[in-house]
Amino acid sequence: MSSGAEAVGRVSQESSSSRTASRAATLSGNELAELLGAIAEAQDFETASGFLLEQLAEAASSKRVIMFALDTDCRELRDVRSLALGQSRRADPLVVPVNIEGHPLVRCALGLEIVACPSASTQSLDVPFESWFAVPFPQLPFRGCPGSRPLGIPSEEHIGFEVIPRPPGASSGLMGLAPFGAIMVESTDGAALRDRPMIEAVANAAQLAGPILSRMHSLEFLHRTTERVDDQRSLLASIVDALPDPIVITDASNSVIVQNQRAEHLLSPQEGDSEGRRRAVEINNLLFSSFLSKSVLTGGLPQSARDLNLVDPDEGTDLLFEVLAHPLAATHGRDTSVLSVLRDVTDLKRASNELQRQFVRQRITEAEATRERDRLNMILNNVGDPILVSDSQSKLIMMNPQAERLFDLPVEAPEDRQIAQRVRGNDTRFATFISDFTISPSLFRREQLGLAQPASGAALPVEVLSGKIMNERGEPMAIVSVLHDLTKQVENERLLEELKAASGDLEDRVRMATAHLEAQNVKLQWQSSELEKAYRLKSEFLANMSHELRTPINALIGYTALMLDRIYGELTPKQEEGLLRVQASSQHLLALINDILDLAKIEAGRMPVHLESASFRATVAEVIAQIEPLVRKKSLEFRYEIANDIPAMHTDRTKLKQIVLNLLSNAVKFTHKGQVTLTASLVEEHIEIVVRDTGIGIKPEFLDLIFEEFRQVDQSRTREYGGTGLGLSITRKLVALLGGAIGAESEYGRGTTFQVTLPVHSEPLTAEEHIARAAIGAARP
C-alpha cells in the first residue's frame, strides 16, 4: 500500500486532469472516494487538511481557503488551517467568538448551514475576504460534544449574508453529526456565489471529510496532551524521589499504590536482600498498615502529625517518624486514596529527650542551690554585723545588707561623687587587708580598720575578724570576714577626753555668752521699735498728704484740658503740642502719685475694703474692654476663658478690678509679639486667675524681687521699660487684703505666668487685721 503523501499526490493529479474549467463542476463519487481515502491515509492533520483545502479551492476556482474549528471549550472558532495560492498568509490567526450568534461563520458552524456573503455585507465583519461563502465542517458526535442548534435572527450589523438551502434529501445526511467548524472559501469575482451546484459539491465534500479530519485533530490533541502529562509525571516522580522523606500513597485497603525511593527502601523488599532486611521490611509494612487502620477506626485521618516507629532495614535500629496523612479525592474511577508523608524525627527526638533530661537535672540542681542560698541569705541577713565573702583573688562574691551599705553605691544616689569616693575608699582598705591575709599562712586574722559611712562621711572604726575556707587540696577557696562596729567605743573614749578638757571653762563661756546676748537683744528691740515708728509715720504722712499732692496736679490737668478745648482762645500748633505733652506728663505723674499713695494707705491700714456682691464675669469684662486698645496698639493676640461655674463673689469689686487690670497691663507692657491669655476657674471655695504672656520673661535670680516696692528687673538709667516698680507690689498687697495669694513662674525669653487665688466670700477686716494683711503682702511670696 502506498503512503498517505503518495495517495494525496495521486488524487490531486487525477482530479486536476479530469476537472473542466467550468466553475460549476462538481466532484464525482470516485473522486470523493479517492479524496477521502487520501485524507484517511495522511500522516497528520496538517497534511490531510491542506490536501482537502487544495481540492476544495480547485473545485471552487478559488485561491484562498480557511478552515475554522471550535476550541476545546467551544467558546470560539479558531483558524486552524489556511490555503493562500500565490499570496502571503496572515501572521495572526482569525478568532470568532461563538456567542455572536448573528455572525455568518458561527451560523455556519453551529447551525450546520451554508452561508454566502457578497462584498457589500463584509465591511462589519473581521474577515480577510470581500466576497466568500462558508460550508459547515461537522464531526461524529460523542459525549460532551457541542450539538447543532437553530440560531436566532442576526443583528443589524450582521445582516447581509445569505443562507443557501440544501437540495431535497441533502439535509438528511447531516443527521447524527455534531458541529466541528467551518470552511470559508473566497469568491474572487463574486460569480462563485451564484454557482449553487459547485457550492453544494464543496459542502458535500466537507461533510464527508469532516468526521475523518476531526478524528485526526482530536487524536493529535490527545497525543500532545499525553506527552505533556508524561513529561509532568516524570518531573513529579523525579522531584518526589529526590525528597529525603518517605512518601506513600495507599488505597482504601491500605495497599501501596505509589511510593518514592526512600519509602521503597523502608517498605519494599529487593532482590538479594538478607533475611534480616526482609523481616525488617515486613515489620515496617505491618506497623504502617496498622497505623493507617487505627487512624480510620478512630474517626478518620489525623489533622496533625502522629508518631510512627519503624525499623531501619540496614542497621536494625529504631526509627521515629512523624506521619502527615492527607486524603486524595477519587479521580477517573479510582477510589479515595491517602497521601502519607513520613518525616524522620529520630535524631530530633533523641536530642529532645536528652535536652529534657538535662533540663530536669538542671532544675533539680538549681532548686537545691536556691534552697542552700536562701538558707545562707537568711542567716546573713539576720546577723547585725556586716559579713563579706571574698574569693581567692580578693574579689567580693557575697555580702549581707549591712555590708552593702558600706561597699555598694546606694540605689537612691548612684551618681553622687562623694558617696562613690567613700565607697571606693572602704573597698580599697578592705581589699588591702584581704590581700595581705590571703598570702599569709595563718587561717584567722583580727585587725582594726578605719572606714567611713558613705552617706554621711562619718568615720567608722571597725574590727575585722576573717577566716579562710579551705578546699580538699588545702588551698584557700574563700574568705569570710565579719566586721564589728567600734564607733560607740571610740566615741565614748573621745567624749570622755573632751569632757575633761571642756568642763573647766564651760561655765565661764556660758556666762559671757549670756551677757552678750542680753545686751544685743535690748539693742535690737530698741532699733526695731524705732524703725516701726518711722515706717508708720512715713505711711501716715503720705496718706495724709494724698489730698495736697493730688489737688495741684488735678488742677494742672484740668486747666490744660480747658486750653486744649479752646476755652481761652485758639492755639497755635506748637502751643497745642506743648499742652499735650504737659497733659500726658501730668497724667503720668498723677498715676505715680496714686500708686505711692495707695501703697502708703495700705501700709498705714487706711485703705478701705468695701465688700459687696459682685459678678466676676462682668468685672473682668470691664477690664478686658479697658485693656483691648493697648492690645490692638501692639498687634497682640488676646484670649480669655472664664469658667461657667464661677458664682457671684462677696468681695471689693474695685480692688478685684485693679488686680486684674494691673496683671493684664503688666503682661501687655512686656510682650512685643505673641499673645496674652487670661483664664479663670473655680477651685473648691476659691477662684484661680491665671495670666500668661509670651513676653520677655524673667530670669530665675530676679523672680523673687519683682514684688518688692520700687523694684524693677532692669534698674539701669537707660532701661527700656518705664514705671515706678509699684504695680506688682500694690497688686500683692491688694490680694492679701482680700484674703488671697499670688505667685509667678517665668522662663526667660519665653514668657511669664501669674497665678492669683481669691476666696469667693471675703470676710471684713478689723484695723489690726488690715495692718497685718498689709505686712503679709510686704513679705516675699
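Not measured: the values here are computed from a predicted model. (Residues numbered from 1 in each chain as written. Predicted model: local features only at pLDDT ≥ 70, side-chain atom pairs only at ≥ 80, totals over all residues. Heavy atoms only, no water.)

## Observations concerning the packing of helix α15 (residues 616-633) against helix α16 (residues 653-669)
Packing of α15 against α16 brings their axes to within 9 Å, and their N-to-C directions diverge by 30°. As judged from the angle between their axes, α15 and α16 are roughly parallel. Both α15 and α16 take part in a crossing whose hand is right-handed. Here Phe616, Thr619, Glu622, Val623, Gln626, Ile627, Leu630 and Val631 of α15 come into contact with α16, specifically with Arg653, Leu656, Lys657, Val660, Leu661, Leu664, Ser665 and Val668. (Axes fitted to C-alpha atoms, helices over the stretch in contact; angles between N-to-C directions. Helix = DSSP H or I, 4+ residues; strand = E, 2+ residues; numbered from the N terminus. Parallel < 35°, antiparallel > 145°, perpendicular 65-115°, else oblique. Left-handed = near helix turned anticlockwise from the far one by under 90°. Contact = heavy atoms within 4.5 Å.)

## So, the sheet that holds strand β13 (residues 387-391)
Spatially, β14-β13-β17-β16-β15 is the arrangement adopted by the five strands of the open sheet, whose pairing is antiparallel. Two strands in the sheet have a free side with no partner beyond their single neighbour: β14 (396-399) and β15 (444-452). Put simply, the sheet's adjacent strands are angled 25° from each other on average, direction ignored. (Pairing = 2+ DSSP bridges.)

## What about unusual backbone geometry?
A positive phi angle, near 50°, is found at Ser61, a position not held by glycine. Summarising the element assignment, Ser61 is placed in the loop between α3 (45-59) and β1 (64-70). With a phi close to 65°, Arg566 is a non-glycine residue in the positive phi region. Structurally, Arg566 is set in the loop between α13 (546-564) and α14 (573-604). Arg566 gets classed as partly exposed once you look at its relative accessible area, which sits at 29%. (Buried < 20%, exposed > 50% of the residue type's maximum accessible area, 1.4 Å probe, protein only.)

## What to know about the environment of Pro211
Topologically, Pro211 is positioned in helix α5 (residues 196-242). Each C-alpha atom, one on Pro211 and one on Pro141, is 9.1 Å from the other, the two residues being 70 residues apart in sequence. Those residues within four positions of Pro211 in sequence are excluded, and the remaining contacts are Pro138, Gln139, Leu140 and Leu177.

## A few points about the confidence of the model for the chain
Chain-level pLDDT for the chain is 79 on average; 80% of the residues reach the 70-or-more range. Model confidence for the chain, summarised as mean pLDDT per element, is weakest for helix α1 (residues 4-18) at 42 and strongest for strand β22 (residues 686-693) at 93. Throughout residues 1-25 the model reports pLDDT below 50, and contacts reaching past four residues in sequence, or to other chains, amount to 41 contacts. The model gives residues 715-719 a pLDDT under 50, and that stretch makes three contacts with residues more than four places away or in other chains. (pLDDT = per-residue confidence, 0-100.)

## Section: the side chain of Thr560
Mapped onto the elements, Thr560 comes out in helix α13. Classification of Thr560 as buried rests on a relative accessible area of 4%. Of note is the side chain of Thr560, whose polar atom sits 2.6 Å from the backbone oxygen of Leu556. (Polar contact = N/O pair within 3.5 Å; in protein donor to acceptor, adjacent residues only side chain to side chain.)

## Section: the packing of α16 against helix α17 (residues 727-737)
It is at 10 Å that the axes of α16 and α17 come closest, and there the two elements cross at 150°. Note that α16 runs across α17; the crossing there is left-handed. Contacts from Lys655, Gln658, Ile659, Asn662, Leu663 and Asn666 in α16 reach Gly727, Leu728, Ile730, Thr731, Leu734 and Val735 in α17. Among the residues making up the contact of α16 with α17, the classes are represented as six nonpolar, five polar and one charged. (Nonpolar A, V, L, I, M, F, W, Y, C, P; charged D, E, K, R; others polar.)

## As for α17
Judged by how many residues are buried, α17 sits mostly within the fold: ten of eleven residues are covered. Taken residue by residue, α17 has Leu728, Ser729, Ile730, Thr731, Arg732, Lys733, Leu734, Val735, Ala736 and Leu737 as its buried positions. At the exit of α17 stands Gly739, carrying a positive phi of roughly 80°.

## Thoughts on the pairing of strand β10 (residues 306-311)
One ladder, built from six bridges, connects β10 with strand β11 (residues 318-328); its direction is antiparallel. Each bridged residue has a counterpart across the sheet, and for Asn309 the counterpart in β11 is Leu320. Hairpin geometry of β10 and β11 is characterised by an intervening segment of six residues between the two adjacent antiparallel strands and by a positive phi of about 80° at Gly316.

## Structural notes on the nonpolar core
One finds Phe616, Leu663, Leu664, Ile689 and Leu758 to be the most contacted residues of the largest nonpolar core, which totals 42 residues. Breaking this core down by element, the ones donating at least two residues are α15, β19 (637-642), α16, β21 (675-683), β22, α17 and β24 (751-759). The element that contributes the greatest number of residues to this core is α16, accounting for eight residues. The residues contacting Leu758, other than those within four sequence positions of it, are Met649, Leu656, His686, Ile687, Ile689, Val735, Leu738 and Gly740. If you look at the next biggest cluster of nonpolar residues, it comprises 38 residues, including Leu56, Ile114, Ile164 and Ala192. (Core = buried A, V, L, I, M, F, W, Y, C linked by side-chain atoms within 4.5 Å.)

## Digging into α3
In this model α3 runs 21 Å from its N-terminal to its C-terminal C-alpha over 15 residues, within 8% of the 21 Å that 1.5 Å per residue would give. Following α3 by one or two positions, Ser61 has its phi on the positive side, about 50°. (Expected span 1.5 Å × (residues − 1).)

## Some remarks on the environment of Phe754
Mapped onto the secondary structure, Phe754 falls in strand β24. Excluding residues within four positions of it along the chain, Phe754 makes contact with Leu663, Asn666, Ile689, Val690, Val691, Ile706, Phe707, Leu728, Gly743 and Ala744.

## Observations concerning the pattern of salt bridges
Evaluation of the coordinates by the stated rule reveals 25 salt bridges. Between Arg581 and Glu577 there is a salt bridge; the shortest N-O distance is 2.9 Å. Of this pair, Arg581 and Glu577 both sit in helix α14, four residues apart, which is roughly one turn of that helix. According to the relative accessible area criterion, Glu577 is partly exposed, its value standing at 41%. Between Glu637 and Arg639 there is a salt bridge whose closest N-O contact spans 2.6 Å. (Salt bridge = Lys/Arg side-chain N within 4 Å of Asp/Glu carboxyl O.)

## Some words on the sheet that holds β10
Judged by pairing direction, the sheet is antiparallel, and its five strands sit side by side in the order β9-β8-β12-β11-β10 without closing on themselves. Either end of the sheet is taken by a strand with one partner, and the two such strands are β9 (256-259) and β10. Ignoring strand direction, the axes of neighbouring strands in this sheet form an average angle of 30°. For β11 and strand β12 (residues 337-344), the ladder comprises eight bridges, and the chain directions are antiparallel. Bridged to Phe321 within β12 is Asp344. Each of β11 and β12 is contacted by helix α8 (residues 346-381), which is oriented at about 120° to β11, the strand it contacts most.

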